Amino acid sequence: MVDTPRIGIMVVAYNAASTLSATLDRIPEDFRHKIAEVMVLDDASDDDTFSFGQSWAERADTPRTMVVRHTKNLGYGGNQKAGYAMAMERGWDIAVLLHADGQYAPELLPQMVAPLVAGEADAVFGSRMMNKQDALRGGMPFYKWVGNQLLTRFENRMLGTRLTEFHSGYRAYRLDALREIPLRYDSDDFDFDTQIIIQLVNAEKKIVEIPIPTYYGDEICYVDGVRYAKDIVKDVVESRLARMGFGTSDWMPTPEEYGFKEGDGSSHSVILEMLRNRPSAKVLDLGCSGGLLSERIRAEGHYVTGVDYLEIPGVRARTDDFFQADLANGIPIGVGTGYDAVIAGDVIEHLPRPKETLAEILRVLRPGGELLLSVPNFGHWYPRARVVLGLFGYDRRGILDQTHLRFFSRASLLRLVRRCGFDVVEQTCTGLPLGVVSESESRKVRALRGIDAWLVRRRPTLFGYQFILRLTPHAEDVLVVEGN
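Notes on the structure in this doc start here. Worth saying up front: this structure is predicted, and the values here are computed from it rather than measured. (Residues numbered from 1 in each chain as written. Predicted model: local features only at pLDDT ≥ 70, side-chain atom pairs only at ≥ 80, totals over all residues. Heavy atoms only, no water.)

**Brief notes about unusual backbone geometry**
Most of the time, phi is negative for any residue but glycine, and the peptide bond is trans.
Then, in step 1: Backbone geometry at Asn-15 places phi at a positive 50°, although glycine is not the residue there.
Then, in step 2: Within the element layout of this structure, Asn-15 appears in the loop between β1 (7-13) and α1 (20-25).
Then, in step 3: Residue class for Asn-15 comes out partly exposed when judged on its relative accessible area of 23%.
Then, in step 4: Residue Ala-44 is not a glycine yet carries a positive backbone phi of 55°. (Helix = DSSP H or I, 4+ residues; strand = E, 2+ residues; numbered from the N terminus. Buried < 20%, exposed > 50% of the residue type's maximum accessible area, 1.4 Å probe, protein only.)

Dropping the structure here:
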């Protein structure tokens with residue numbers, strides 16, 4: 001944070017003519033000189049909200065104030081998105097969200113921004129539930145008091161957080177933190193506030209809560225409680241599924257780096273085992289991502305060259321050589337030839353011309369070298385069920401990864417590699433990646449692993465999650481017999 005941060009107050013307003021001026025007047029006078037700008041966002045009100053905002057802005061005792069009137073109602077979330085975009089353009093460092101109806105105390109603005117100014121937080125939330133009885137004494141209806149706690153408990157459990165309240169609209173953000181999350185894809189409705197929390201948690205930003213008083217007056221509530229609760233549950237479940245790899249919601253970003261797939265007999269673990277206890281070898285890791293698999297292969301005593309279209313930070317330290325190149329355009333000439341092993345772990349399904357890629361792998365392998373290839377199984381029960389039920393769609397990883405250009409069954413994969421000049425030395429398959437669903441090794445998870453492993457052995461084409469092949473270039477042994 002800069003030494004003298006530009007602090008802005010963003011006031012969201014809709015039909016707030018009766019409360020706007022009084023709410024702004026409550027901004028502490030001894031704090032006003034620290035405010036770079038006040039932005040009043042009138043979301044196409046039907047009353048004189050805009051005029052009251054202008055009148056306040058023209059007074060001599062007020063901070064610099066900009067009043068914006070949207071000609072079309074953007075919604076609670078849409079109004080905020082527009083405001084944060086303008087705040088970033090205008091060079092704010094800190095943005096405080098204040099409601100024009102006076103429900104949240106402007107008197108606490110100094111306390112709201114203090115952790116941000118001190119560099120101790122990325123976001124500060126005012127919580128009415130740090131002392132739950134105070135919320136009731138402040139006039140919060142009992143049904144809202146109960147619903148607030150139930151939803152917050154559910155959200156904390158699903159997100160792994162320990163916030164006392166998710167549903168307060170009194171927020172302060174460091175603008176640099178907001179720039180790092182995809183706000184533009186968030187909801188335009190009242191669940192925007194929940195989505196932004198999820199995004200901050202997902203980005204590992206620090207959230208600090210401070211206690212605030214509860215005030216319920218004569219303001220009109222525009223929130224449909226049942227719909228709001230439904231949207232919150234949907235967002236939280238959607239975010240949990242996104243972390244497991246399901247769905248492609250734009251408001252939940254997909255990491256660019258592929259992590260090392262630990263356990264569950266994963267493709268990475270199987271490939272690593274195939275290379276274990278071998279003499280030191282020259283290995284080419286295609287689609288190496290951040291080099292996490294390469295690092296483990298190097299630890300086995302092998303020399304590893306990595307190739308990927310992105311240079312993930314740290315990849316050069318995890319490989320002996322690294323080439324940044326798009327494999328769709330071929331294996332770069334600079335990698336050389338004569339490799340003892342080439343690894344194509346979850347690679348060819350991302351490429352438009354896998355035949356040409358396999359032909360190039362033949363070129364860089366030494367005679368007798370091996371290709372270790374893994375591919376998701378499109379014949380698995382999960383994509384089959386999605387197709388049969390009419391629910392086909394893409395996920396952010398796994399068999400239906402949205403970046404996959406090709407799908408393979410075991411039969412089609414075997415046909416491809418044989419036509420491209422490879423013999424199959426070994427083939428195996430993995431089960432479900434249950435470690436993604438649950439990190440704990442509970443009795444239920446162990447039982448599921450056992451059942452899944454049994455099913456994979458019985459019917460690999462239906463229950464195998466990924467196929468892993470150990471291949472070698474086809475070489476015909478020719479016996480020549482000459483007569484007299």
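**Some thoughts on the packing of aromatic side chains**
Then, in step 1: Inspection of every chain in the model, using the stated rule, returns 10 aromatic pairs.
Then, in step 2: Considering the side-chain rings of Tyr-104 and Tyr-170, the 5.8 Å spacing of their centres and the 35° angle between planes classify their relative orientation as tilted. Residue Tyr-104 is located in the loop between β4 (94-99) and α4 (109-117), and its partner Tyr-170 is located in the loop between α6 (142-159) and β6 (171-174); the two are separated by 66 residues in the primary sequence.
Then, in step 3: Overall, Tyr-104 belongs to the buried group, its relative accessible area being 4%.
Then, in step 4: Given a relative accessible area of 0%, Tyr-170 falls into the buried group.
Then, in step 5: With a centroid separation of 6.4 Å and an interplanar angle of 15°, the aromatic rings of Tyr-394 and Phe-407 are classed as stacked. Within this pair, whereas Tyr-394 is found in the loop between α14 (381-388) and α15 (410-419), its partner Phe-407 is found in the loop between α14 and α15, the two being separated by 13 residues in sequence.
Then, in step 6: Using a relative accessible area of 37% as the deciding quantity, one classes Tyr-394 as partly exposed. (Phe/Tyr/Trp six-rings, centres within 6.5 Å; stacked < 30°, edge-to-face > 60°.)

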